[in-house]
Amino acid sequence: PHKQTAHKAVVSTQSTGDRNIFMTCSTDCTVRLWDINVTKNQKTVIKMKGSNGKKISPTHSVFNKDSSMIAVVTIDGALSLYPSKGPFVRARKVNKSAHTNGSETSCLKFSADGNRLLSRGGDDTMKLWDVRNLTKPVNTANNLENVFIGTDCWFSPDEKVVMTGTSAKRGSGDIVFFDTETFTEIYRFSVGESSVSKILWHPKLNQIVVGCSNGIVKMYYSPTLSSRGALLCTAKARRRQAKNDEIPTGLSQQILNPYSLPMFRENRFLYAKRRKDKARRDTVQSAAPDKPAYGLDAHKTKGCSMSAFVSKQLALDVHGPPAEEEDPREVLLKYADVCEKKPYWIAPAYGPETKTKFQEVNEETLSEEPVMKKPMYFYQK
């Protein structure tokens, strides 16, 4: 990126005009206009000065809807209007006592036609101005506590209602609605144990988005007047609760002792999802197949290797499956006659005159006990 001259202090606000121009104001006592097509420097610098001619910090600045006018409010409470195309040496219209000197005005908002301007002051007031005559406000609302420099004010989509939020160091913040013509309070509701920082009344969705000081964003809607937005979430059917997914009433009284004996150990409560995952990991409940015998864990499996499986299948194809209750002695003796007539394999080993002799089996041989071997003793020399 190109090196450019910019603000020398904290940038407090920024406002977007048309697609190529945007504006920032800072505590370095300047308001700057920027063109996204010019990367070397800002387009215009407006140096803010107070009634005594010295530099003064702006607290908020905003464009009107057609970006033809700029409104700037400073720390001394002065409200100034500038044409967006200049000149910026002196403001076209100024009210030096729009808000209390030393209070930070947190928000400025133009109406759609650009003839009305709404200001939210740090002096606990909200004022409606006619930009054609800035000598005094059209309407004023008092006793609106404001301790944050970001508290917003807003016009309704039809501009018949204006709203703002209240912020306090302790307690809850409120959203307050006023009639635009008379500035009488229409409705007020609390947002909970936090203050209101930012608000937005969306013109198409007809829903209000509120940013709270505790970091929570809340959205308020009407089931009949709003469209899309939050209604897309509320229209969805509630997720069906699994069986026995509720926390039992006696869960708080359960004693967890993982090192106790199994006979004294209580079964811990598990939600349906955790019970399902636990059953899935159990090979018996899930009927998981045996793992293949590959790698270092091959000896842990119940199956066999691929080569052993192929050899077994070939043996079964050639010789057929073995009998379940077959005596191995009878299997060998049925080849005795074949060996006597055709001693092709036996004769070379034992000679032509050798005859095979098998032990005669009778009742005496079956009743004889096997000879026990004598134990061997080792003596040290």
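Going by the structure above, here's the rest.
What you are looking at is a predicted structure, and each value in this text was computed from that prediction instead of being measured. By convention here, each chain's residues receive numbers from 1 onward along its written sequence. Since the coordinates come from a predicted model, pLDDT governs what is reported: local features require at least 70, and pairs of side-chain atoms require 80 or more to be given and counted, while whole-chain, interface and lining totals use all residues. Working from all heavy atoms in the structure, the side-chain values ignore hydrogens and water.

A. Just the overall build of the chain, in detail. For the purposes of this entry, the term helix denotes a DSSP run of H or I that reaches at least four residues, the term strand denotes a run of E that reaches at least two, and both are numbered from the N terminus. Across its full length, the chain holds eight helices and 19 strands. A simple rule labels every residue: compare its accessible area, found with a 1.4 Å probe on the protein chains alone, to the largest value its type can have, and call it buried under 20%, exposed over 50%, or partly exposed in between. Across the 381 residues of the chain, 32% fall into the buried class. Contacts are residue-level and defined by heavy atoms, with any inter-residue pair within 4.5 Å sufficient. In the chain, the proportion of contacts linking residues at least 24 apart, taken out of those at least 6 apart, comes to 38%. A 1.4 Å probe and the Shrake-Rupley method give the accessible areas. Residues count as covered only by the protein chains that appear here. When the accessible surface of the chain is totalled, it reaches about 28600 Å², and 54% of it is carbon and sulfur.

B. Representation of the pattern of salt bridges within the structure. A pair is scored as a salt bridge if a Lys or Arg side-chain nitrogen falls within 4 Å of a carboxyl oxygen belonging to Asp or Glu. Tallied over the entire structure, the rule returns eight salt bridges. A salt bridge links E181 to R116, with the shortest nitrogen-to-oxygen separation between them at 4.0 Å. Of this pair, E181 sits in the loop between β15 (174–179) and β16 (185–190) while R116 sits in strand β10 (residues 116–120), placing them 65 residues apart in sequence. A salt bridge links R188 to D174, with the nearest nitrogen and oxygen atoms 3.3 Å apart. In this pair, R188 is assigned in strand β16 and D174 in strand β15, connecting sequence segments 14 residues apart. Judged by its relative accessible area of 16%, D174 falls in the buried class. Among the charged side chains, a network of salt bridges with common partners joins R116, E159 and E181.

C. Seen up close, a nonpolar patch on the surface. Each patch is built from residues that are more than 30% exposed by relative accessible area and take part in no salt bridge. Like charges join if they lie within 9 Å; nonpolar side chains (Val, Leu, Ile, Met, Phe, Trp, Tyr) join within 5 Å. Taken together, the side chains of M306, F309, V310 and L314 present a nonpolar region at the surface, about 380 Å² in accessible area. For L314, the position within the fold is in helix α4 (residues 306–319).

D. Representation of the packing of aromatic side chains. Two rings belonging to Phe, Tyr or Trp (six-membered ring only in the last case) form a pair when the distance between their centres is within 6.5 Å. Interplanar angles under 30 degrees mark stacking, angles over 60 mark edge-to-face geometry, and anything in between is tilted. For the structure on display, the rule yields eight aromatic pairs. Each ring, one from F177 and one from W201, has its centre 5.9 Å from the other, and the planes form 90°; the classification is edge-to-face. Taken together, the positions of F177 in strand β15 and W201 in strand β17 (residues 196–201) put the pair 24 residues apart, joining distant regions of the chain. In this structure F177 comes out as buried when scored by relative accessible area, which is 9%. The exposure class assigned to W201 is buried, which follows from its relative accessible area of 15%. With 5.7 Å between their ring centres and 25° between their planes, F178 and F183 make a pair best called stacked. Three or more aromatic residues joined by ring pairs form one cluster here, namely F177, Y187, F189, W201 and Y220.

E. Spotlight on the sheet that holds strand β9 (residues 107–110). Read from one edge to the other, the open sheet built from four strands follows the order β9-β10-β11-β12, with strand pairing classed as antiparallel. Either end of the sheet is taken by a strand with one partner, and the two such strands are β9 and β12 (139–141). Neighbouring strand axes in the sheet, compared pairwise and without regard to direction, differ in orientation by 15° on average. As judged from the five bridges shared by β10 and strand β11 (residues 126–130), these two strands associate in the antiparallel manner. Directly across from R116, in β11, lies its bridge partner D130. Any two strands between which DSSP finds at least two bridges are classified as paired. Lines are fitted to the C-alpha atoms to define the axes, a helix being fitted only along its stretch in contact, and any angle between axes, read from their N-to-C directions, falls within 0 to 180 degrees.

F. Summary view of the pairing of strand β3 (residues 30–35). Of all six residues in β3, six are buried, a share of seventy percent or more. Taking every second residue as pointing to the same face, both faces of β3 are buried, with T30, R32 and W34 on one and V31, L33 and D35 on the other. Examined bridge by bridge, strand β2 (residues 21–26) and β3 share six bridges and lie antiparallel to one another. Looking at β3, one finds that I21 is bridged to D35. With antiparallel pairing between neighbouring strands as the criterion, β2 and β3 make up a hairpin whose turn holds three residues, including C29 at a positive phi of roughly 70°.

G. Here's a closer look at unusual backbone geometry. Located in the positive-phi region is F183, a residue other than glycine, with phi close to 60°. F183 gets classed as buried once you look at its relative accessible area, which sits at 8%.

H. Expanded view of the nonpolar core. Nonpolar cores are built from buried Ala, Val, Leu, Ile, Met, Phe, Trp, Tyr and Cys residues. Side-chain atoms within 4.5 Å join them into one set. V31, M48, I70 and Y82 are the most contacted members of the largest nonpolar core, which totals 14 residues. Counting only elements with at least two residues in this core, the list comes to β2, β3 and β6 (69–74). Beyond its immediate sequence surroundings of up to four residues, I70 is in contact with M23, L33, V62, F63, S80, L81, Y82, S84 and F88.

I. Focus on the sheet that holds β16. Across the sheet, which stays open at both edges, the four strands sit in the order β13-β14-β15-β16 with antiparallel pairing between neighbours. Two strands lie at the open edges of the sheet, namely β13 (153–155) and β16, each paired on one side alone. Averaged over neighbouring strand pairs, the angle between their axes works out to 15° when direction is ignored. Looking at chain direction, β13 and strand β14 (residues 161–165) are connected through three bridges and run antiparallel. Counted as the bridge partner of C153 is T164 from β14.

J. Broad picture of the side chain of H7. Residue position: H7 is located in the segment before β1 (11–16). Two N or O atoms count as a polar contact when they lie within 3.5 Å, although within protein this holds only if one can serve as hydrogen donor and the other as acceptor, and sequence-adjacent residues are included solely when both atoms are side-chain atoms. A distance of 3.4 Å separates a polar atom in the side chain of H7 from a polar atom in the side chain of T30. One polar contact links H7 to R32, side chain to side chain, over a distance of 3.3 Å. Excluding anything up to four places from it in sequence, H7 contacts T24, C25, S26, D28, T30, R32 and W34.

Such coordinate-based values are descriptive only and should not be taken to indicate function.
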